[in-house]
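Residue strings, one per chain:
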Amino acid sequence: MAAAKFQELKDTVLDLYLNGYTKAKVAEAMGMKHSQVAYILYTILKVHEKKPRKMSSTNLVELMPKEQVNRIITLASWGYNATEIAEDTCLPYNRIQVLIKEATEKNLIKKMV
């Protein structure tokens, strides 16, 4: 019975986890216990075998959803800092910081003053 319940939640848990949320943050966001999130990730999804925990910092622009990337680039171009963008997008600060650095190196962020 419990496994069937977790089957319904697995896509959301995986999405949050791959977007940089820790197991504790996923549990908090979904109103679950830390152990339940771990069960979904490691027993049902076997995420440790199939997908890496951290995305490569050199490919975030390509790997993250385009809507998120465009929003982050737009806000950074308007002068928002990584903390403000993280709050706006509900993404982890370190993920925003890495994406901004990568986008700047690829000349995707042009400051609008």
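We now turn to the structure provided with this report. (Residues numbered from 1 in each chain as written. Predicted model: local features only at pLDDT ≥ 70, side-chain atom pairs only at ≥ 80, totals over all residues. Heavy atoms only, no water.)

**Notes on the overall build of the protein**
Here is step 1: Along its length, the protein carries eight helices and zero strands.
Here is step 2: Secondary structure elements of the protein, listed N to C terminal, follow the sequence α-α-α-α-α-α-α-α.
Here is step 3: Across the 113 residues that make up the protein, the buried fraction comes to 36%.
Here is step 4: For the protein, long-range pairs separated by at least 24 residues make up 58% of all intrachain contacts whose partners lie at least 6 apart in sequence. (Helix = DSSP H or I, 4+ residues; strand = E, 2+ residues; numbered from the N terminus. Buried < 20%, exposed > 50% of the residue type's maximum accessible area, 1.4 Å probe, protein only. Contact = heavy atoms within 4.5 Å.)

**Quick word on the packing of helix 7 (residues 82–89) against helix 8 (residues 93–105)**
Here is step 1: In contact at an axis separation of 9 Å, helix 7 and helix 8 are set at 120 degrees when each is read in the N-to-C sense. By the criterion of interaxial angle, the relationship of helix 7 to helix 8 is oblique. Viewed along their axes, helix 7 and helix 8 form a crossing whose handedness is right-handed. In this structure, helix 7 uses A82, T83, I85, A86 and T89 to contact helix 8, whose residues at the interface are Y93, I96, Q97 and I100.
Here is step 2: The class makeup of the residues in the contact of helix 7 with helix 8 is six nonpolar, three polar and no charged. (Axes fitted to C-alpha atoms, helices over the stretch in contact; angles between N-to-C directions. Parallel < 35°, antiparallel > 145°, perpendicular 65-115°, else oblique. Left-handed = near helix turned anticlockwise from the far one by under 90°. Nonpolar A, V, L, I, M, F, W, Y, C, P; charged D, E, K, R; others polar.)

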